[in-house]
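# Observations on chain architecture
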Amino acid sequence: MEIPISYETLRVLWWGLLGVLLIGFAATDGFDFGVAGLLPFVAKTDAERRVAINTVGPTWEGNQVWFILGGGAIFAAWPLVYAVSFSGLYLAMFVLLAALILRPVGFKYRSKREDKRWRAMWDWALFTGGFVPALLFGVAVGNVLVGLPFRLDEDLRAFWDGSFFDLLNPFAILCGLLSVTMMGLHGAAWLSMKAEYGPVRDRARTFAPIFAIASIVLFAGGGLVMAYGPYGFTQVGDVDPAGPSNPLRTETVAAAGAWLSNYAAHPWMILAPVLGFGGAFAALAGLKMNSEAVTFIGSKLSTFGIISTAGLSMFPFILPSSIQPNASLTVWNSSSSHLTLFIMLITTAIFLPIILAYTSWAFKVMWGRVTTEDVTSGGDYY
Amino acid sequence: MIDMEVADLSRWQFALTAMYHFLFVPLTLGLAFMLAIMESVYVMTGRQVWKDMTKFWGALFGINFALGVSTGITMEFQFGMNWSYYSHYVGDVFGAPLAIEGLMAFFLEATLVGLFFFGWDRMSKQAHLAVTWFMAIGTNLSALWILIANGWMQNPVGSEFNPETMRMEVVDFMAVLFNPVAQAKFVHTVAAGYVTGALFVLAISAWFLLQRRHRGFAKRSMTVAAAFGLMGSLSVVVLGDESGYALTHNQRMKLAALEAMWETHEAPAPLTLVGFPDVENQTTHFAVDVPWVLGLIATRSLDQEVQGILPLVAIAETRVENGIRAYDALQRLRADENDIEARTQFEETKFDLGYGLLLQRYMADPRDATPDQIRQAAFDTIPDVPVMFWSFRFMAGIGLYMILLFGTAFVLCTLRKHETRWFLWVALFSLPLPWVAAELGWLLAEYGRQPWIIEGMLPTFLGVSSLNATQIWMTIAGFTALYGALAVVEVMLMLHFIRKGPYAGKGGESGKSTKTRPAATEGGMAPIPAE
C-alpha cells in the first residue's frame, strides 16, 4: 500500500500528538490530582471532604484515560521510548502505579461506609494518589532533560546504570515541585469554580496564589539551570528524518546549554515559555478580579506552556542517554514503522474528535457547584 | 545471556497481576450488559423496582469496576517495566491495538461510568439508558482490542521481522484485526464474562430468597440472570469449540498438549476424557478415550489428522536448524547490509528466526549449538502437559455445568418456582466457579503457549527487561501486599452492601416501590412482567 503521508511528517505529527496527550492529561486529570493532593488542607470536616471529592467525582475516571492513552500511544508510536523508559525507571514506576491504584478505590470506597477510621484511611489514600504521581511525573521529566543512564546493545536491548535514588537529583526535584505546584494551582482553580460558596472554596482560593507564584519561580529557575547548567544534547552528522528506527545508526553528543538552542533556530517556539509564565500570571489576575474562569483558563494555559516548553526545548530528542549519547532516542530514530504510524493517525483522527465531543457533554451534564446538601442527601455521590 | 531467574520472576509477576486483574474483568463485562437490560425494562415499563435493581447491582458493579481499572493500569505499564525487550521487539504491532483500545473503548467506558452513577437526576431517562448501553458496549469493545493484541501473540499474522530495526513490524494490519484466533478468543471471553455476571446476580438473589428478604426484587433479578446466563453459557461452550478449531490451524502444540496426545493418531482422533499424562515416558496412563470426537472438534472432519506432540517436536527441530541459518544471515546482514547472499538466506528462513533464538537459553550465539542442544530446544517447545490437560478438563467441565445450572434456573423461573430451596443453595455455592473457569482459561491460553511470548517468533525468556532479581522481588512483594489488602477490602465492602440489601436507608422495599406498583412488592405473588 502507498502511504499518502511521508514518514518524516508522520513522525513529527506523532511527536505532536504525544504532546497533545500529555497536555490533555495534565489539563484534565491534573486538577483531579490537585484536588486529591489538596484534600487534607482545603477540607477539614467529612462533609467538606465529600464536597471536594465530588467536584471531580463524575469526571476523574474519564480524565484518567488521557494517562492510560498516553501510555498506549507511546507503546504504539514510540515503542523504544516505552521500552527503555519504563524498564529503566522500574522502582519509580512501581511507586507511581501503587499511588495510582489507590486513587480509583479511594474515590469509590471512601463514602461507602460511615466508619470514621475507614474514611480517614481513604483520605490518606487519596492524598497519596494525588500528591505522589504529581511529584513523580515532574521528577521523570526532569530526569529526561538531564539524560537517563541507559545504553543499548547491538540487538537494541536496553541496560541501565543507575539507581532509584539517582533519580532524585536537585534539578529533577525542582521539576517535581513545579509539577506539584502546577497541578496544585489547577486543582485549586477547579475547586474555586466547582465547590459551593463556603470553607472549601475559600481555602482553595488562599492556596491558589501561592501555587501560581511558586510555579512562576520554579519555572524560571528551571530555565536558568537550562541556560547555565551542564545539560543538553545535540545530534551531529547527517540526520535522516526518514531513516530506520534504530538509534545506533545516528550520532549524538552531550552539549551544555543545547536545550535552549532550538529557540534561536525557531523563534516561534518562545511562545511556549511565554504561555507558561503568562498563564500563571493570568491565573493570579483572575483571582484578583474574582473571575474563576480566568483563573482556571490561565492555569490550563500555564500547564500547556510549561509542558510544551520541555518538549520543544528537547526537539528532536525524546529520551537522551547520559552514558551512551549515541543511544539517545529521537523523533527520527525510535518511532514505529511508517505503516503503523499512518494507521494510528487515521484512528486518532476519527476518534479524538468523538472523545472530545462526549467528554465535553459529560462535563456539561455535570456542570454546577457541588453543595453540602447534594452530598448528604443524594445516594449518587461519593 | 539472559538471567533465567529474572525471566521466571517476571513471568510470576505477570501471572500474578494479570490473573488478579482478570478476577474483575469478567464480572464487569457481564454486569454492564445486565445493568443495561434492567434499565431498559425500567425505561419501558416505568416500574421503580427495575430502577432499584439497576442501582443496587450498579453499586456492586462500581465496587468491582474500581479494582478492574486500578489493576488494568498496572497491566498497561507492566509490558514496558518487566518486558522491555518484548515491548521493543513487537511494539510496532502489539502497541497499536492497545492504543486503539484506549481511543475507541476505554475512553467511552470511563467517561460514561461517571455519568451512569452521577447522572440519574441530570438527564432524561432515555439519555441515561443510552449512557448505560454505551458503557456496556465500551466495556466489551475494550475486551475486543485487548484480545486482538493477545490473539496476535498467539498467532502472529500480518507482520514480519525487520533486520534494520531489529523488531517485528506490521505488513498487513487487516490480518492483525481479523486474526481468527483473536476473534474466537473475543467471543469466548466475553461470553464467559456474561456467565460470570449472571451467576453473580443469580447467587446473590438466591441468598436474598433463602433469607426471604427483598423477594420481589430478587425474583426479577433471578429471572434476568437465568435468561442472560443461559444465553451466555451456551455461547461460551459453542464459542469455546470455535477456539479449539482455531488452535488446530494455529497452535497445534497447545492443542496436542491439552489433549496429552503424544503421537499422531490415525484420523479421526479420539478425545481423551480423563487419564494421567506421564511426561517422562511420553504417554498417558489409564486414558479413557471417546473415539472420533477430537477429530470432529478439531478438524470438523473425519479424515484429517490431529498432530501429536512428538511429531510436532520433530517439526520444531527442523525449524530450529532453519532458525540458526536465519540468525547467521541476520548477523551477516548487520555487518554488511548489501550482502545479497545473506539477504536471500534471511528471506528464506526469517519465519524460523524465533526457533533459532530458543537456543539463546543455552548459549549466546545459536550458531554454536550442538545437535543435542538443537534437539533439547525442540523439546522445549512442549508446554506443561499435565497442567494443560487438567486445566482444560476442569474448565470445560465447569462450562458444561453452567449450562445445566442456568438451564435449571431458566426452567424454574419460567414455572415461577423461584423459591425452590435446594436450587437456591446450589446456585449460591456455585458462585466461585465462573472465576475458576476464567482463570483456568487464561492458564490454558498463556501458560499453554510457553516457551513463546510471541508464538514461534520470540521466546518468553528473551522478552524480559534487564533488571535484577532483587528489583522484581521488591515489586512482587509490593503488588502482593497491595493487591491482597485491596482484595480483602473489596470483598468486605461487597458483603457489607449485600447484607444491607437494595433498600438500605430507603424505608424498605415496600416504602419505595408501592408508590408505583403496590401489588408486586411484598409476598412476590404478583405476576412478574415478561422479559
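What you see is a predicted model, and the numbers here were worked out from it, not measured in a lab.

## So, the confidence of the model for chain B
All names here are of chain B. Within chain B, residue pLDDT values average 88, and 94% of them lie at 70 or more. Across residues 510–531 the pLDDT falls below 50, and counting only partners more than four positions away or on other chains, this stretch makes 35 contacts in the model. Across the predicted assembly, pTM comes out at 0.91 and ipTM at 0.91.

## What to know about the environment of B:Ala438
Residue and element names in this part refer to chain B. As for its position among the elements, alanine 438 is in helix 16 (residues 433–446). We classify alanine 438 as buried; its relative accessible area is 10%. Taking the C-alpha atoms as reference points, alanine 438 and glycine 399, separated by 39 residues in sequence, lie 9.9 Å from one another. Apart from the residues lying within four places of it in its own chain, the contact partners of alanine 438 are Phe22 and Pro26.

## Focus: empty space enclosed by the protein
Scanning the entire structure with this criterion turns up eight cavities of 30 Å³ or more. In this structure, the largest cavity spans a volume of roughly 80 Å³. Contributing to the lining of the largest cavity are A:Trp14, A:Leu17, A:Val20, A:Leu21, A:Leu69, A:Ala73, A:Met344, A:Thr348, A:Leu352, B:Ala99 and B:Leu103. Listing elements by their share of the lining of the largest cavity, those giving two or more residues are helix 1 (7–42), helix 3 (60–77) and helix 12 (338–365) of chain A together with helix 3 (84–118) of chain B. By residue number, the principal contributor to the lining of the largest cavity is helix 1 of chain A, which donates four residues. Of the residues assigned to the lining of the largest cavity, the class counts are ten nonpolar, one polar and no charged.

## Description of the pattern of salt bridges
A side chain of one charge can pair with a side chain of the opposite charge when the charged atoms of the two come close. According to the stated counting rule, one finds 28 salt bridges over all chains in the structure shown. Here A:Glu154 and B:Arg334 are joined by a salt bridge, their closest N and O atoms 3.3 Å apart. Of this pair, A:Glu154 sits in the loop between strand 1 (150–152) and strand 2 (158–160) while B:Arg334 sits in helix 10 (residues 309–335), placing the two residues on different chains. For B:Arg334, a relative accessible area of 26% translates into the label partly exposed.

## Considering the UniProt feature "transmembrane region" (unreviewed entry) in chain A
Residues and elements named next belong to chain A. Per the UniProt record, "transmembrane region" (unreviewed entry) is found at residues 12–43, 88–105, 126–150, 170–192, 204–228, 268–289, 301–319 and 339–359. Taken as a whole, residues 12–43 contains 97% helix and 0% strand, while its terminal C-alpha atoms sit 44 Å from one another. Segment residues 170–192 splits into 100% helix and 0% strand. End C-alpha atoms: 33 Å apart.

## Some points on the packing of helix 5 (residues 90–109) of chain A against helix 17 (residues 469–500) of chain B
At a closest axis distance of 10 Å, the pairing of helix 5 of chain A and helix 17 of chain B adopts a crossing angle of 5°. By the angle between their directions, the pair helix 5 of chain A and helix 17 of chain B is classed as roughly parallel. Here helix 5 of chain A contributes A:Tyr90, A:Leu91, A:Phe94, A:Leu97, A:Ala98, A:Ile101, A:Leu102, A:Val105 and A:Tyr109 to the contact with helix 17 of chain B, which in turn contributes B:Gln471, B:Ile472, B:Met474, B:Thr475, B:Gly478, B:Phe479, B:Leu482, B:Tyr483, B:Leu486, B:Val489, B:Glu490 and B:Leu493. In terms of residue class, the contact of helix 5 of chain A with helix 17 of chain B is built from 17 nonpolar, three polar and one charged.

Reading the values: the criteria
Residues numbered from 1 in each chain as written. Chains lettered and ligands numbered in written order. Predicted model: local features only at pLDDT ≥ 70, side-chain atom pairs only at ≥ 80, totals over all residues. Heavy atoms only, no water. pLDDT = per-residue confidence, 0-100. Contact = heavy atoms within 4.5 Å. Helix = DSSP H or I, 4+ residues; strand = E, 2+ residues; numbered from the N terminus. Buried < 20%, exposed > 50% of the residue type's maximum accessible area, 1.4 Å probe, protein only. 1 Å grid on protein atoms, 1.4 Å probe; cavity = no way out; pocket = protein on both sides within 12 Å on 5 of 7 lines; lining within 4 Å. Points joined across faces, edges and corners; volume = space filled by probe spheres on them. Nonpolar A, V, L, I, M, F, W, Y, C, P; charged D, E, K, R; others polar. Salt bridge = Lys/Arg side-chain N within 4 Å of Asp/Glu carboxyl O. UniProt positions renumbered as here; feature names shortened; annotations may be inferred. Axes fitted to C-alpha atoms, helices over the stretch in contact; angles between N-to-C directions. Parallel < 35°, antiparallel > 145°, perpendicular 65-115°, else oblique.

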